Amino acid sequence: ERERENNPRCSSSSIKNPACSASQFVPSPNLKKLLATTKDIKEEGGKRTMAAASTEFVHATYDPLVAAEQKAYLETKAGVKGLMDAGIKELPRIFHTPPHFLHDNPTASADNLDLTFPVIDLAGGRKDIVDKIRDSSENWGFFQIVNHGVPLTTMDEMKASVHRFFHQDISEKKEFFGTDPTGKVVYLTNERDWSDLMLVDMAPDPPRPEQLPSTMRDVLREYSDEMFRLGDLLLELLSEALGLDPGHLKGMECAANLGIASHYYPVCPQPELTLGITNHTDLGFVTVLLQDHVGGLQVLHRDFWVDVPPRPDALVVNIGDMLQFKSVKHRAVVNSVEPRVSIGAFFGYGSPLLTRSYGPIKELLSEENPAKYRETKIREFFVGSYNEGIGNTYLPLLKI
């Protein structure tokens, strides 16, 4: 009901936006505890601890008040969706993004910068497609693709399934709740980003149908099949853009793993204070993102945060750290009007690739173009990146 009040697009006849027909929500004891904890913190020590909470996500000094609020939040298992359903009017301070993450670079639209975000038509000629992918990967690290072969009906149903899952009663979602992102099927939330996440490891060992949420089961398998097909095609095109044989990157098992990450971003009472996903680069090889009509994805380009315009027929492709054509920081912003969903297909995460070593492609090396990075195992790279902290990457430590 909170989202209905904040969303002028909702009406009694609205059926496309599940937020407009949310059932009555009764806060759990843990959620009431969180709201009470937040109130106590503000009254008892807000001024002292707010500055500390705003300096870093991982606090240099242990703050028991911050820890209490984080613990209370995670115990609810309700996610940020649960907070909005409970009717909060102020953003809990654990979600306050440090100012240097929010304002490190100015925001501008592509139009303001006299830029055109790359859109590549996969129905064009092969050479033209490869040339555009090379240019976009080198200059943006991102591009959109159209005529990619994924049916619009499948894309629409995938987005609808994410709404269905997150609009269930908490009792239904709790079955999948966890804190380990390496789980096979896990519903995650955290005390930093204003978003909830359903993460499913679809390859190479997919979960059994009964392990998947009933709200997403059929379309998730159909969408994953489409991503496998599209992933193979993208790796062929990227191989050719690098001057390699079409099957080179696939032969390196760059698409041996597939993780599907479904994000739900509720409306936010104070969107200017937080982010849906903090500034980061993707750790794997390639990511294919499906975003809805709301928009919110921003890419760092020429020191500006540039909005990626949503298109109902398009998918967004971005280059990950492990491929290093050019991996670029990006983030998700939130709003106070309408919830948003996005679905990322991540290639290059998880076993069996964790123990495999990757390094500069020998066919691309020469005296004029020597190796810039040493060889590393994916496990080392992932652990190193996480240890570097939010918004940082392990890549500089791999430089020769």
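Before reading on, note that the structure itself is shown above.
Parameters and conventions
Residues numbered from 1 in each chain as written. Predicted model: local features only at pLDDT ≥ 70, side-chain atom pairs only at ≥ 80, totals over all residues. Heavy atoms only, no water. Salt bridge = Lys/Arg side-chain N within 4 Å of Asp/Glu carboxyl O. Helix = DSSP H or I, 4+ residues; strand = E, 2+ residues; numbered from the N terminus. Buried < 20%, exposed > 50% of the residue type's maximum accessible area, 1.4 Å probe, protein only. Pairing = 2+ DSSP bridges. Axes fitted to C-alpha atoms, helices over the stretch in contact; angles between N-to-C directions.

Visitor: Tell me what's going on with the pattern of salt bridges, and back it up with residues and numbers.
Guide: Under the definition given, this model contains 20 salt bridges. R126 is the salt-bridge partner of E236, the closest N and O atoms lying 3.3 Å from each other. Residue E236 is found in helix α9 (residues 217-241), and its partner R126 is found in helix α6 (residues 126-139); the two are separated by 110 residues along the sequence. Given a relative accessible area of 32%, E236 falls into the partly exposed group. Between R126 and E240 there is a salt bridge, and its shortest N-O distance comes to 2.5 Å. Of this pair, R126 sits in helix α6 while E240 sits in helix α9; the two residues are 114 residues apart in sequence, bridging distant segments of the chain. A residue is classified by how much of its surface remains accessible, and E240, at 22% relative accessible area, is partly exposed. Here the salt bridges do not stand alone but share partners, grouping R126, E236 and E240 into one network.

Visitor: Any details on the sheet that holds strand β4 (residues 185-188)? Residues and values, ideally.
Guide: Taken together, eight strands build an open sheet; the order of strands is β2-β3-β11-β8-β13-β6-β5-β4 and the sheet is mixed. A strand with exactly one partner marks an edge of an open sheet, and here the two such strands are β2 (119-121) and β4. Each strand of the sheet is rotated relative to its neighbour by a mean of 25°, with strand direction disregarded. Bridge count between strand β3 (residues 142-146) and strand β11 (residues 315-319): four bridges; the pairing is antiparallel. Its bridge partner being in β11, Q144 is matched across the sheet by V316.

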